[in-house]
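Residue-level structure breakdown
This is what each chain is made of:
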Protein chains: 2
Amino acid sequence: MKVDLIIAHGYVITMEGKGVGMIADGAVAVRGNTIVAVGRSDEILSNCQADQLINATNKLVMPGLIDAHIHTGISIYRGMAQDMSHWMQKGLWPFKKNSEEDDAAAGSLVNIIEGIKAGTTTFCDYDSSMNRLVQNYSKVGARARVCEMINQLPDDISSIPVGELYPFDPAIGERKLQANIRLIEQWHGKENGRITCLFGPQGPDMLELELLLEVKALAEKYDTLIHMHVAQGDREIAQMEKRYQKRSIPFLDELNYLDRRLMAVHLTEATKTETQLVAMRGASMICCPGSIGIIDGLVPPVLDFIEAGGKAALGSDQAPGNNCNNMFNEMKFAAILNKVKRADPRVFPAWQALRLATIEAAQAIGLDHEIGSFRPGKKADILIINLLEANMTPIITDPIRNLVPNLVYSARGNEVETVLIDGQLIMEERKLLTVDEQLAIKKAQEAANEISRRSKNDIIAAGSDVYHMMEEGYL
Amino acid sequence: MKVDLIIAHGYVITMEGKGVGMIADGAVAVRGNTIVAVGRSDEILSNCQADQLINATNKLVMPGLIDAHIHTGISIYRGMAQDMSHWMQKGLWPFKKNSEEDDAAAGSLVNIIEGIKAGTTTFCDYDSSMNRLVQNYSKVGARARVCEMINQLPDDISSIPVGELYPFDPAIGERKLQANIRLIEQWHGKENGRITCLFGPQGPDMLELELLLEVKALAEKYDTLIHMHVAQGDREIAQMEKRYQKRSIPFLDELNYLDRRLMAVHLTEATKTETQLVAMRGASMICCPGSIGIIDGLVPPVLDFIEAGGKAALGSDQAPGNNCNNMFNEMKFAAILNKVKRADPRVFPAWQALRLATIEAAQAIGLDHEIGSFRPGKKADILIINLLEANMTPIITDPIRNLVPNLVYSARGNEVETVLIDGQLIMEERKLLTVDEQLAIKKAQEAANEISRRSKNDIIAAGSDVYHMMEEGYL
């Protein structure tokens, strides 16, 4: 068989089967944007003739990582909202109300680069201005599953007193819904299928019942999924109880919202029964351990969800309050925070963390027919990871292999040398090939300088815990 | 003033004062192995004439990190002992009983390189064979505070049934004590003062009362500290109660062991009252959040300890069960695990995590007269960290600075470009200058190949949870 590329002699992690599907001296053959063969190096090399051969000796070859929940448009405020209470109102909002679409786009590009350099090949980006941000994915060459965040809230929610019901503005909701529809019409399936689009209601508390139902009907019509925060905080539950006298999950269940079309993000405030209900109804759960740990000091109920039969994925959430978008960080935090939650070192082993960032993530976001494992016919989203680093030494293969534990608990992301997405080489020896990384950083810095100048009075007025740390000389 | 080196125009984190002591356009001047001036760049550049000038624009300049508890001699089993119960007996021991001093030394060298590449300049190494391992610190040029682990246990403790009292062998204890004394006599204050030595009893459960008292008297005689596991697990508490009808901390208090000479490591099983007692008596606490999270699924009581007035430091512990030795990992885990333990995002802010790996760590290990902050007269252990990385973008300085939050929550260690220890350039543009990194990795790999061959039957016989994962095809 004639192919374009063979990557051979690596430790190939296929993510097929129940574990990680390791092939010790393995190879992957690629034609166009597709994986056409996976197996032992001797077999692949004798069955395929390739234009290009990559020798992956002492390297690990695996499917690209999936970040199932990221807000790249707010990464321009990285490091400005953590170690604090009132994260949204006092941390995020003073910046957000002073940001323009251009600023969001400049930050988003750097955020996508950050992800790729840590092995993320698929981004489920959930943000406003997605019609603009999606162009970054087109340019970089990453796989993206995107939506516009839909709510009916005024542009400046900092004026709403804490504890009062959000005022809904149907005109705002309509504008955002139309933007989401426009995104789908213009981008779904574009870039050789790399870009796909979902609907993105921001949470059951942030738009009217009627609009929630309209979004649901549109998701059926366009045959796509709904990406939505669910039970993301006590703030949300309080709004739901005040408005509907119901908690989020029973409310959504009555609307038949908890089906296979729903990617339910966070579930931070879900009770065990509610968590099990979401799993039983067929929705998937997106768990963001680093972000929820920093912002709320909590561990989402992802183990309960999986034990109830649900499919879960990991996400990195936002840079202001995590403060990185690196799936190696999320895998390690998912494992350790759940061990601590259960006070049991055996739960959430490394192989499981890896599945929640690859094959099970692909199932959770509805893309497992295309990505998440190496199988002939799937898309060629491939990482080559260098194992000859001090923190990955030694390699032991018999009678136990230490590769996956080291990948999850010791790798930081910078061991990723080469990234292919959709068969295209996007990063080689840690150099991005499709965009100028330093230029992107420079432009994001310029945007951040302007935002911090414009936001200054609002930041001082908000008086967050972080602002007080600064005033008192701690930062 | 004539100096050897000025590092100027960086964001200088001095770690002086109550927070991080930031100087926005700052400089550090070095003569020999000593910091001679710290301040604003314009001041330093007009007052000092330097042979060498490093321009640190868009870089962060800060004191080297302190790893207050590491076992470099067992890093050769990295990734072989996690996600399991009976970590010591089933995880570590099958390898340890089949390892030679040469293997430990080969792994240790790579482990030290790993630490330096992530900004660790001072290693409190607590291991057997330290008379051999210490040579690695001499060779690499790192600062080390070392001891021999002293116990009275037979070489193969896997033969002792779980739950039974350890049999003590005074001859073994005497041999190990003499090795610790030899280490002190030969190495304390050597290498221009970079190497200092402590005593290292392995835990109150692992040697007789008489030997514990002898160690204490010797620590007084040599005017040095004692580095010891205290209340490190339920296994230890069970041994103490069986042998002495006392828990570890009341037992040690009666021996007057909990004074300023003690570095008490872990305190995992300490009650709140016991934790407060250790702090009040003047001992310091070493907290290893990543390791205890993986091995035990627990969060050590470091916040209770600090609130009781104690001085604490962070440590990375061992590679088999953490599985990395990277103080950026420990800072982030310390912050997030404590937020989760208290269910409060405000506790353990980034600046506090940084202090526990720098100035407060130096206090906890008794080296704050030499390291941990930038002050004229202290040793020149200096990191230069690149901020023009995607995951460190943007830099915001007004009205809040995001540098320290990003350093603690987003940096991975590989942003560290340059490392000076004791005034000597040890790493430049991520290249180690004193040792051949790839050769060290190659030798450690060869040693690991032999260990895994020799240990095979013992690993199979131990039948750990990880071995079963391998058998069942998960790894």
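The name given to chain A in an unreviewed UniProt entry is 5-methylthioadenosine/S-adenosylhomocysteine deaminase, with Brevibacillus fulvus as the source organism.

Overview of the sheet that holds strand E14 (residues 312-314) of chain A
Residues and elements named next belong to chain A. The strand order across the open sheet formed by four strands is E11-E12-E13-E14, and the pairing between neighbours is parallel. Bordering the open sheet on either side are strand E11 (226-230) and E14, each of which pairs with just one other strand. Ignoring strand direction, the axes of neighbouring strands in this sheet form an average angle of 30°. In this structure, strand E12 (residues 262-266) lies alongside strand E13 (residues 284-287), joined through three bridges in parallel fashion. Bridge assignment links Met-263 to a residue of E13, and that residue is Ser-284.

Quick notes on unusual backbone geometry
All names here are of chain A. A cis amide bond, omega -5°, links Thr-393 with the succeeding residue Pro-394. With respect to the helices and strands, the residue Pro-394 is situated in the loop between strand E15 (382-386) and helix H15 (403-409). Not every positive phi belongs to a glycine, and Asp-223 is a case in point at roughly 50°. Looking at where Asp-223 falls in the secondary structure, it is placed in the loop between helix H6 (209-221) and E11. Asp-223 gets classed as exposed once you look at its relative accessible area, which sits at 54%. Here Phe-348, not a glycine, exhibits a phi torsion of approximately 55°, which is positive. Relative to the helices and strands, Phe-348 resides in the loop between helix H12 (327-342) and helix H13 (350-355).

Some words on the relation of the copies chain B and chain A
Relative to chain A, chain B is turned by 180° and slid 0.0 Å along the rotation axis, the superposed coordinates differing by an RMSD of 0.0 Å. Taken together, the rotation and translation relating the two chain copies correspond to the operation of a two-fold axis. For chain B, the smallest separation between a C-alpha atom and the rotation axis is recorded for Arg412(B), amounting to 3.1 Å. When the interface residues of chain B are mapped onto chain A, 100% of them again lie at the interface, so the same face is used by both copies.

Focus: the pattern of salt bridges
All names here are of chain A. As enumerated under the stated definition, the model contains 58 salt bridges over all chains in all. Glu-370 is paired through a salt bridge with Arg-143; the nearest N and O atoms lie 3.9 Å apart. Of this pair, Glu-370 sits in the loop between helix H14 (359-364) and E15 while Arg-143 is found in strand E8 (residues 143-150), placing the two residues 227 residues apart along the sequence. On the accessibility criterion, Glu-370 (17% relative accessible area) is buried.

Things to note about the packing of aromatic side chains
Summed over the entire model, instances satisfying the criterion amount to eleven aromatic pairs over all chains. Between the NZ or CZ atom of Lys216(A) and the centre of the ring of Tyr257(A), over which it lies, the distance is 5.9 Å.

Quick word on the domain arrangement of chain A
All names here are of chain A. If you check the domain split of chain A, you get domain 1 (2-63 + 374-432) and domain 2 (65-364). A C-alpha centroid distance of 30 Å is found between domain 1 and domain 2. The interface of domain 1 with domain 2 comprises 31 residues on the first partner and 31 residues on the second. Roughly 2,400 Å² of surface becomes buried between domain 1 and domain 2 when both sides are summed, with 65% attributable to carbon and sulfur atoms.

Section: the sheet that holds strand E13 (residues 284-287) of chain B
Residues and elements named next belong to chain B. Pairing is parallel across the open sheet formed by four strands, whose spatial order is E11-E12-E13-E14. Two strands close off the open sheet at either side, each with one partner strand: strand E11 (226-230) and strand E14 (312-314). If you compare each strand with its neighbour and ignore which way they point, the axes differ by 30° on average. Both E11 and strand E12 (residues 262-266) contribute to a ladder of five bridges, which runs parallel. Across the sheet, His-227 pairs through a bridge with Met-263, a residue of E12.

Describing the nonpolar core
Counting 320 residues, the largest nonpolar core has Leu354(A) and Leu354(B) as its most contacted members. In this structure, Leu354(A) is in contact with Ile13(A), Met15(A), Val20(A), Met62(A), Leu65(A), Met331(A), Val404(A), Leu407(A) and Val408(A), ignoring residues within four places of it in sequence.

Section: the interface of chain B and chain A
Size of an interface, as often reported, equals the accessible area lost when the parts are brought together. If you look at the interface, chain B gives 89 residues, while chain A gives 89 residues. Summed over the shared surface of chain B and chain A, the result is four salt bridges. For the interface between chain B and chain A, the tally reads 32 residue pairs in polar contact (both at pLDDT 80 or more). Among the elements that line the side of chain B that touches chain A, the one with the most residues is helix H16 (residues 437-462) of chain B, at eleven residues. Here the residues of the side of chain B that touches chain A are counted per class, giving 45 nonpolar, 26 polar and 18 charged.

Rules and cut-offs
Residues numbered from 1 in each chain as written. Chains lettered and ligands numbered in written order. Predicted model: local features only at pLDDT ≥ 70, side-chain atom pairs only at ≥ 80, totals over all residues. Heavy atoms only, no water. Pairing = 2+ DSSP bridges. Helix = DSSP H or I, 4+ residues; strand = E, 2+ residues; numbered from the N terminus. Axes fitted to C-alpha atoms, helices over the stretch in contact; angles between N-to-C directions. Buried < 20%, exposed > 50% of the residue type's maximum accessible area, 1.4 Å probe, protein only. Least-squares fit on C-alpha atoms with pLDDT ≥ 70 in both. Contact = heavy atoms within 4.5 Å. Salt bridge = Lys/Arg side-chain N within 4 Å of Asp/Glu carboxyl O. Phe/Tyr/Trp six-rings, centres within 6.5 Å; stacked < 30°, edge-to-face > 60°. Lys NZ or Arg CZ within 6 Å of the ring centre and 35° of its normal. Domains from an automatic or database assignment. Buried area = accessible area lost by both parts, 1.4 Å probe. Core = buried A, V, L, I, M, F, W, Y, C linked by side-chain atoms within 4.5 Å. Polar contact = N/O pair within 3.5 Å; in protein donor to acceptor, adjacent residues only side chain to side chain. Nonpolar A, V, L, I, M, F, W, Y, C, P; charged D, E, K, R; others polar.

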